[in-house]
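Survey of secondary and tertiary structure
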Amino acid sequence: MRIKDFAIERYFAKHEFTAKYLLSASDPDGFSLKSVLDIASEKEKESWRDLHLGYTETKGAPALRTAIANHYQTMVPDEFLVMSPGEANFCLMNVLLEKGDEVICMSPAYQSLYQIAESIGSRVSFWKPEEGSGWYYDPAQLKALISPKAKLIIVNFPHNPTGFLPSLAEWNEIINIARNHNLVLFSDEMYHGLVHDSKDQIPAACDLYENAVSLWGMSKTFGLAGLRLGWLGSKNSALLSKIEAWKDYLTICNSATSEVLATIALNESEHFIQPNIEKIKGNITLFKQFQERNPDLLDFPVPMAGSTAFIRLKTSLTAFKYAEELIQRTGIMMLPSEKFDYGHQHARIGFGRNNLSEILDIWEHFQKTAP
Ligand SMILES: Cc1ncc(COP(=O)(O)O)c(C=O)c1O
């Protein structure tokens, strides 16, 4: 298979570990190994100390899948397959899609959500939001994109980069569109649980629809991206088994150390999720104040959930050129919308990092002193 470069990831590869400041990261600051081990129960501490570094079960350790299942309404441990999120997406698309199939995917989107489908030879139609209505994704527009050849709908809520989250009624509408057309729904829920108001929380797709596949993982909600662990949840056991068989050609099984640490974090999740939500909310307030002081620089549709927002830049430069100027003159890395294949006017902002206030001060100074 030939595949286009993953533009966002290539841009991060270039800047993430050399830029002084990251303004657009989607993952919250990573928690330390110590902070995970300190909160482990005695039994979990023992399983860490006595861990044997051999191969692990392809599906994921039973204790880990039990810890995962506890975060869902109706799911049982056997309805999960643990693997890295990118790998999960790659396997699912390859198992499900053939040349000529039609796929509907949100746009803008994390590129792998549509790029693998395109590389397989599927035709992708894009479900686009209304910027003036807070990046609203209208279910009626999704429905209008369904054709007789459609096989798969791909959604991502809370959405990267806009932070959009449907209401429960809209979520049920989306699920009913998939159900009524007998389509698989791939629901990328990497930001699940990062809701700024707990009453906005919606259930995972796999809890509501037997032909849905939900993806979640440790990177965003839990601030543990270095574990490189995620999972697919689905009641469609035949589909899950096929994905498991594909995994044999990739990692075969997960890292034993990551599995134990993820189990601890999932069992003690309040130590990770709530602090991340509080940090994100605090940073959104700071960013609102920044926007109010700089109304000619940008528009800021406030995100409903997740750890990112998609701002409109009002500069005369393209977003890409502006981002280049910013990093060269200040060391601040900003992700421009060109990397989402979404025009030249927007940029993603990340709210999960402790140093946002410092970054905004530097950005404001740059803006005031720019020639
Ligand atoms: C929507 C979405 N899906 C999947 C991923 C991949 O997650 P991970 O970095 O844990 O592999 C990301 C990461 O940015 C993402 O934003």
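Remember, it's a predicted structure, so these values are computed and weren't measured experimentally. (Residues numbered from 1 in each chain as written. Predicted model: local features only at pLDDT ≥ 70, side-chain atom pairs only at ≥ 80, totals over all residues. Heavy atoms only, no water.)

Describing the sheet that holds strand E5 (residues 150–156)
Basically, it comes down to this: Two strands are said to pair when DSSP picks up at least two bridges between them. What counts as a helix is a DSSP run of H or I of at least four residues, what counts as a strand is a run of E of at least two, and both are numbered from the N terminus. For helices, the axis comes from a line fit to the C-alpha atoms of the stretch in contact; other axes are also lines fit to C-alpha atoms, and the angle between any two N-to-C directions lies between 0 and 180 degrees. Two residues qualify as a contact provided that any one of their heavy atoms is within 4.5 Å of a heavy atom in the partner residue.
Read from one edge to the other, the open sheet built from seven strands follows the order E2-E8-E7-E6-E5-E3-E4, with strand pairing classed as mixed. With one partner strand each, in any of the chains shown, strand E2 (80–83) and strand E4 (123–127) form the two edges of the open sheet. Neighbour-to-neighbour, the strand axes of this sheet turn through a mean angle of 20°, independent of strand direction. Strands strand E3 (102–106), E4, E5 and strand E6 (184–188) of the sheet are contacted by helix H6 (residues 112–120), whose axis makes an angle of about 155° with E4.

A few points about the pairing of E6
We apply this condition: Residue burial is assigned from relative accessible area. The probe radius is 1.4 Å, only protein chains are included, and a residue is buried under 20% of its type maximum, exposed over 50%, and partly exposed in between. We call a crossover right-handed when, viewed with both strands directed away from the observer, the connection leading from the first strand over the helix to the second proceeds clockwise.
Within E6, five of the five residues are buried, which leaves it mostly tucked inside the rest of the structure. Burial along E6 is two-sided: the face carrying Val184, Phe186 and Asp188 and the face carrying Leu185 and Ser187 are both buried. The pairing of E5 with E6 spans five bridges and is parallel. Within E6, the residue paired with Ile154 across the bridge is Phe186. Read from E5 through helix H8 (residues 168–180) to E6, the crossover connection turns out right-handed. With four bridges joining them, E6 and strand E7 (residues 212–217) adopt parallel strand pairing. Each residue of the ladder has a partner; that of Leu185, found in E7, is Ala212.

Digging into helix H5 (residues 85–96)
The condition is simple: Expected span of a helix, by definition, is 1.5 Å for each gap between consecutive residues, and there is one gap fewer than residues.
Between the first and last C-alpha of H5 there are 17 Å, a value that for twelve residues agrees with the 16 Å anticipated at 1.5 Å per step. Most of H5 is tucked away: ten of the twelve residues are buried. All of the buried residues in H5 are Pro85, Glu87, Ala88, Asn89, Cys91, Leu92, Met93, Asn94, Val95 and Leu96.

A short note on the site of the ligand
The test is simple: A single heavy atom is enough: if one lies within 4 Å of a molecule or strand, its residue is considered near that molecule or strand. Here a polar contact is taken to be a pair of N or O atoms separated by no more than 3.5 Å, where protein atoms must pair a possible hydrogen donor with a possible acceptor and residues adjacent in sequence count only if both atoms sit in side chains. What sets the accessible areas is the Shrake-Rupley method with a 1.4 Å probe; for residues, cover comes only from the shown protein chains. Throughout this entry, Asp, Glu, Lys and Arg are counted as charged residues, while Ala, Val, Leu, Ile, Met, Phe, Trp, Tyr, Cys and Pro are counted as nonpolar. The remaining residues, Gly among them, count as polar.
Neighbouring the ligand are the residues Ser26, Pro85, Tyr110, Asn156, Asn160, Asp188, Met190, Tyr191, Ser219, Lys220 and Arg228. Within the side chain of Asp188, an N or O atom sits 2.5 Å from a nitrogen atom of the ligand. Contact distances for the ligand include 2.8 Å between an oxygen atom and a side-chain N or O atom of Arg228. Contact with the protein chains removes 90% of the 380 Å² of surface that the ligand exposes when unbound. Looking at side-chain class alone, the shell around the ligand contains four nonpolar, four polar and three charged residues.

Notes on the packing of helix H4 (residues 62–69) against helix H11 (residues 256–267)
A pair of packed helices is characterised by two quantities: the angle between their axes and the separation of those axes. Counted only if it meets this: Between 65 and 115 degrees an angle is taken as roughly perpendicular, under 35 as roughly parallel, over 145 as roughly antiparallel, and anywhere else as oblique. Take the far helix as the reference: if the near one is turned anticlockwise from it by less than a right angle, the crossing is left-handed, and if turned clockwise, right-handed.
Two numbers describe how H4 lies on H11: the axes approach to 9 Å, and their chain directions differ by 30°. The orientation of H4 with respect to H11, classified from their angle, is roughly parallel. Seen from above, H4 lies across H11 with left-handed handedness. Residues Ala63, Leu64, Ala67 and Ile68 of H4 pack against Glu259, Ala262, Thr263, Leu266 and Asn267 of H11. Across the contact of H4 with H11, the residue classes break down as six nonpolar, two polar and one charged.

Thoughts on the pairing of strand E13 (residues 346–350)
When you tally the buried positions in E13, you get five out of five residues, the bulk of the element. As paired strands, strand E10 (residues 308–313) and E13 are joined by five bridges and run antiparallel to one another. Its bridge partner lying in E13, Thr308 is registered against Gly350. Both strand E12 (residues 335–336) and E13 contribute to a ladder of two bridges, which runs antiparallel. Its bridge partner lying in E13, Pro336 is registered against Ala347.

Regarding a nonpolar patch on the surface
Inclusion rule: Patches in this entry comprise residues that are over 30% relatively accessible and not in a salt bridge; like charges within 9 Å are linked, as are nonpolar side chains (Val, Leu, Ile, Met, Phe, Trp, Tyr) within 5 Å. Whenever a carboxyl oxygen of Asp or Glu lies within 4 Å of a side-chain nitrogen of Lys or Arg, that contact is scored as a salt bridge.
A contiguous nonpolar patch, built from Trp246, Tyr249 and Leu250 and spanning about 370 Å² of accessible area, is present on the exposed surface. Examined against the element boundaries, Tyr249 turns out to sit in the loop between helix H10 (237–247) and H11.

Here we look at the domain arrangement of the protein chain
Interface extent is often summarised as the accessible area lost during association of the parts. Test applied: Here the limits of each domain have been adopted from an automatic or database domain assignment. Here's the idea: put two parts together, see how much 1.4 Å probe accessible area each one loses, and the total over both is what we call buried area.
Per the domain assignment, the segments of the protein chain are domain 1 (7–31 + 272–369) and domain 2 (51–268). Using C-alpha coordinates to define each centre, domain 1 is positioned 25 Å away from domain 2. Each partner contributes to the interface: domain 1 provides 31 residues, whereas domain 2 provides 33 residues. Contact between domain 1 and domain 2 buries roughly 2,700 Å² in total, counting both sides, with carbon and sulfur atoms accounting for 59%.

What to know about the pattern of salt bridges
Where side chains of opposite charge bring their charged atoms close, a pairing between them can arise. Counted according to the given criterion, the structure contains 16 salt bridges. Here Lys279 and Asp29 are joined by a salt bridge, their closest N and O atoms 2.7 Å apart. Taken together, the positions of Lys279 in helix H12 (residues 273–293) and Asp29 in the loop between strand E1 (21–22) and helix H2 (33–38) put the pair 250 residues apart, joining distant regions of the chain. Relative accessible area serves as the criterion here: at 22%, Asp29 is assigned to the partly exposed category. Residues Glu364 and Lys368 are paired through a salt bridge, measuring 3.8 Å at the closest nitrogen-oxygen approach. On the criterion of helical spacing, the pair formed by Glu364 and Lys368 is a turn pair, its members being four residues apart in helix H14 (residues 356–369). By relative accessible area, Lys368 is classed as exposed at 64%. Via salt bridges that share partners, Glu57, Lys59, Arg65 and Asp78 belong to a single interconnected network.

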